[in-house]
Amino acid sequence: KAVELDDVALLSPEPPRAILDLNEALEKLAVLDARKASVVELSYFGGLKQEEIAEALNISVVTVRRDWTFSKAWLYAELSGAG
């Protein structure tokens, strides 16, 4: 039997803790460096490729890669409690 979206919403009215933790970490990253947070959001949530992110933010692809590398490490440390 297919599960309806409304049924899932009733089973889990609150977002999972991991999503809330990620959101809080992204908010902290945005305070530290708004561009880096934008790179993460556009890549992870927007599904944009590095070239598309570079164009959207008017930065180079090299900068996108650098920001992405930094942000992944920073978010990992933050979410694992090492941050």
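Structure report, in brief. Because the structure is predicted, anything quoted here is derived from the model rather than measured.

At a closest axis distance of 6 Å, the pairing of helix α2 (residues 17-32) and helix α3 (residues 34-45) adopts a crossing angle of 140 degrees. Note on element contacts: α3 touches α2 through A34, K36, A37, V40, E41, Y44 and F45, opposite L22, L26, L29, A30 and L32. For the contact of α2 with α3, the residue count by class is ten nonpolar, no polar and two charged.

Enumeration over the complete set of coordinates arrives at six salt bridges. Ionic pairing is found between R17 and E24, a salt bridge with its closest N-O pair at 3.3 Å. Each of D33, R35, K36 and D67 takes part in one network of salt bridges that share partners.

Rules used in this analysis
- Residues numbered from 1 in each chain as written.
- Predicted model: local features only at pLDDT ≥ 70, side-chain atom pairs only at ≥ 80, totals over all residues.
- Heavy atoms only, no water.
- Axes fitted to C-alpha atoms, helices over the stretch in contact; angles between N-to-C directions.
- Helix = DSSP H or I, 4+ residues; strand = E, 2+ residues; numbered from the N terminus.
- Contact = heavy atoms within 4.5 Å.
- Nonpolar A, V, L, I, M, F, W, Y, C, P; charged D, E, K, R; others polar.
- Salt bridge = Lys/Arg side-chain N within 4 Å of Asp/Glu carboxyl O.

Don't take any of this as a statement about function, it's just geometry.
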